[in-house]
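Listed below are the residues making up each chain.
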Amino acid sequence: MTTHPKPNLFDWATSELSQDAFLSWLINWADPKYQSFDPNLYQCAVQFVRSLLKDNNHLEIQTIKVERQWKHIDVLVTINDNIIIVIEDKTFTSEHSNQLTRYTEEVKAKFSTAHIHKIYFKMHEQSNYNTILAAGFCPYTRKEMLSVLNEYIALSSSERKNDIVVDFHLYLTNLENNIGKYLTIKLNDWDKWYCWQGFYTALQKEFNDGDWGYVSNPSGGFIGYWWHWKHIPDPEKDYKFRFYLQLEREKFVIKININSEDKNICNKIRRKLQDIVFEEADQQHIPWEKYGRYGNYMAIALLFPKNQEEDIINPKSYLQTNNEGLLDLPATIQRLKKAMALLDTVYHRASKEI
């Protein structure tokens, strides 16, 4: 008999408001007055609150108040009347429009004598947290949440596990597994989102550089990774032009951004940089094709191209695989480093010749 997983609440409740509701519900369970209803769930909630505060053992919660959408803040928690937790909850989106700075000002004005802790709760992957950290918020990631929930799942007997917590734990576990599949399934079986997130995050760690994210276009868009920027200075502007490497899933391109609205100047710079790229790529035995069209950010070359009739597993691709068709990450990184060395050489020439 074929068995299927039971429906998971969080496969349907995917909005930020739904996650806000879960967080508010779970934090509310940390109130001592609810301990007798479900001691294990109460302890899980207490550990969650302590983990938000980076205090895993010492905080004693006497009173707790949870509010949603106070001054547009997703979740606002008051503990023992003198500790404030501001939670900005994001699912698929990220921070925008200086909202975190505004929240900080609102909370400081209202709770001037309290100890304020600002949390950016993000269960999905995010390329970087630079603006989050600059606003004084502390990212709280999927791995931290799973650490709390794993303990609850391990300690609670099956008949005493709360279905909502079990569903959220399973939802996060599946998300973690999907993002890690870039190393465990064949390259041709990668989905268009999660495997690439895992792969790009691994490259970020290796290169300590770059950003990734969704890029929209008329063809439906893609998730890309861009890094190794080179800036050619201009005494009258921020830069004359800049170029960089970009992965567009299976495609690997060099792109340029020219700081001019003069189309003739842009075409001249683009053609000259292309000539340098092609000459140096030939010298370094890196296969290339002319690629791209005119635009604000223009592609000028496709590196390690593959024939359209081939699948993405082939020796010419920048994506290297082992005998089982799985990604060979070290070999792929070495191929990317060859392109980075190429760009260094191109920059050395371009800074003199263009």
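Per chain, residues are indexed from 1 in the order of the written sequence. Reporting in this predicted model follows two pLDDT cut-offs: at least 70 for local features of residues, and 80 or more for side-chain atom pairs to be given and counted; totals over whole chains, interfaces and linings ignore these cut-offs and use all residues. To obtain the side-chain values, all non-hydrogen atoms of the structure were included, while hydrogens and water were left out.

**Comments concerning the sheet that holds strand 2 (residues 73–79)**
Strand pairing requires that DSSP identify at least two bridges connecting the strands. By definition, any uninterrupted DSSP run of H or I lasting at least four residues is a helix, any uninterrupted run of E lasting at least two residues is a strand, and each is numbered from the N terminus. Spatially, the 5 strands line up as an open sheet ordered 1-2-3-4-5, and their pairing is mixed. Looking along the sheet, the strands with just one partner apiece sit at the ends: strand 1 (64–70) and strand 5 (138–141). Direction aside, neighbouring strands of the sheet carry axes that sit 25° apart on average. Strand direction decides the pairing type here: strand 3 (residues 83–90) and strand 4 (residues 115–122), joined by 8 bridges, are parallel. To get an axis, fit a line to the C-alpha atoms, keeping to the stretch in contact for a helix; angles then go from 0 to 180 degrees between the N-to-C directions.

**A word on the domain arrangement of the protein**
According to the domain assignment, the protein consists of domain 1 (9–178) and domain 2 (189–351). These domain limits were set by an automatic method or by a database of domain assignments. Using C-alpha coordinates to define each centre, domain 1 is positioned 38 Å away from domain 2. Tallying the contact residues gives 8 residues for domain 1 and 8 residues for domain 2. The contact between domain 1 and domain 2 buries some 630 Å² in all, and 47% of this surface belongs to carbon and sulfur atoms. For this document, the term salt bridge refers to a Lys or Arg side-chain nitrogen within 4 Å of an Asp or Glu carboxyl oxygen. The interface formed by domain 1 and domain 2 holds 0 salt bridges in total. Polar contacts, as counted here, are pairs of nitrogen or oxygen atoms within 3.5 Å of one another; within protein the pair requires one atom able to donate a hydrogen and one able to accept it, and residues that are adjacent in sequence qualify only if both atoms are side-chain atoms. In this structure, the connection of domain 1 to domain 2 is made through 4 residue pairs in polar contact (both at pLDDT 80 or more). Just so you know the grouping, Ala, Val, Leu, Ile, Met, Phe, Trp, Tyr, Cys and Pro go in nonpolar, Asp, Glu, Lys and Arg go in charged, and all remaining residues, Gly too, go in polar. Residue composition of the side of domain 1 that touches domain 2, by class: 2 nonpolar, 5 polar and 1 charged. Two residues form a contact once any of their heavy atoms are found within 4.5 Å. Summed over both partners, the accessible surface that disappears when two parts come together, traced with a 1.4 Å probe, is what is meant by buried area.

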